[in-house]
Amino acid sequence: STLAPSLLTGIAAPLVTAMVVQLLIGGLYLHRGEPAPTPPINLRNPFDLVSAMQLAALIGAILLVTAITLHYLGENALLALAALSGIADVDAITVSLAGMADGAAVPQTLMSGILLAASTNALMKIAISAFVGGRSLGLWFGFEIGRAHV
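Residues numbered from 1 in each chain as written. Predicted model: local features only at pLDDT ≥ 70, side-chain atom pairs only at ≥ 80, totals over all residues. Heavy atoms only, no water.

**Side note on the overall build of the protein**
(1) Moving on: Secondary structure summary: the protein contains six helices and zero strands in total.
(2) Moving on: Mapped from its N terminus to its C terminus, the protein presents α and β elements in the order α-α-α-α-α-α.
(3) Moving on: A burial count over the protein gives 29% of its 150 residues as buried.
(4) Moving on: Taking the intrachain contacts of the protein between residues at least 6 apart in sequence as the baseline, contacts between residues at least 24 apart amount to 71%.
(5) Moving on: Only carbon and sulfur atoms are counted for the fraction: they give 71% of the accessible area of the protein, which is about 9400 Å². (Helix = DSSP H or I, 4+ residues; strand = E, 2+ residues; numbered from the N terminus. Buried < 20%, exposed > 50% of the residue type's maximum accessible area, 1.4 Å probe, protein only. Contact = heavy atoms within 4.5 Å. Areas by Shrake-Rupley, 256 points an atom, 1.4 Å probe, with all protein chains shown as cover.)

Here it is in structure tokens:
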């Protein structure tokens, strides 16, 4: 993590382990001979001003909510916030938690929060793909998420 290199050593092993497990499970399903679907993709311009402003607003809101949560509810509440934030977006909560590595919170809590947000986000993406495209697409997408970590 460029924002907090001190946190990288604590989250590297769990992320690599999760990647390997996802690759193995996805590989088993792909080996069973189920065809990988190719759903149509509707891409938008990521540099569109409206999209950029929405992302900036989301990151700003998460930064504010994270600081308020830490101040009023403590470090344990950060884990619940990380899980909830990971449902929609993992980047904002990761930036927010990494920014607290300067001593605002215990590093172990920050690392746990980042891993929890990443896990929640990956599971949500797999669930959405399975719901929208069926079991086969969900399995394929789970494999692709694991492969993307390589």
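**Looking at helix 2 (residues 49-73)**
(1) Moving on: For helix 2, spanning 25 residues, the distance from its first C-alpha to its last is 35 Å, which sits close to the expected 36 Å at 1.5 Å a residue.
(2) Moving on: All of the buried residues in helix 2 are Ser 51, Ile 62, Thr 66, Thr 69 and Leu 70.
(3) Moving on: Turning to helix 2, the residues buried within the fold contact helix 3 (75-88) and helix 4 (91-99). (Expected span 1.5 Å × (residues − 1).)

**What to know about the nonpolar core**
(1) Moving on: Formed by 20 residues in total, the largest nonpolar core has its most connected members in Leu 7, Leu 78, Ile 93, Leu 97 and Leu 110.
(2) Moving on: Sorting the residues of this core by element identifies helix 1 (5-31), helix 2, helix 3, helix 4 and helix 5 (107-133) as the ones contributing at least two each.
(3) Moving on: With sequence-adjacent residues up to four places away left out, Leu 97 is seen in contact with Thr 66, Leu 78, Ala 82, Leu 110, Gly 113 and Ile 114. (Core = buried A, V, L, I, M, F, W, Y, C linked by side-chain atoms within 4.5 Å.)

**Brief notes about the side chain of Ser 85**
(1) Moving on: Structurally, Ser 85 can be placed in helix 3.
(2) Moving on: On the basis of relative accessibility, which here comes to 9%, the residue Ser 85 falls in the buried class.
(3) Moving on: Setting aside residues up to four positions removed in sequence, Ser 85 forms contacts with Ile 62 and Ile 93.

**Some remarks on the packing of helix 2 against helix 3**
(1) Moving on: Taken N-terminus to C-terminus, the directions of helix 2 and helix 3 make an angle of 150 degrees; their axes are 7 Å apart at the nearest point. As far as their axial angle goes, helix 3 and helix 2 are roughly antiparallel. Two packed elements cross with a definite hand, and for helix 2 against helix 3 that hand is right-handed. Of the residues in helix 3, those in contact with Ile 62, Val 65, Thr 66, Thr 69, Leu 70 and Leu 73 of helix 2 are Glu 75, Ala 77, Leu 78, Leu 81 and Ser 85. (Axes fitted to C-alpha atoms, helices over the stretch in contact; angles between N-to-C directions. Parallel < 35°, antiparallel > 145°, perpendicular 65-115°, else oblique. Left-handed = near helix turned anticlockwise from the far one by under 90°.)

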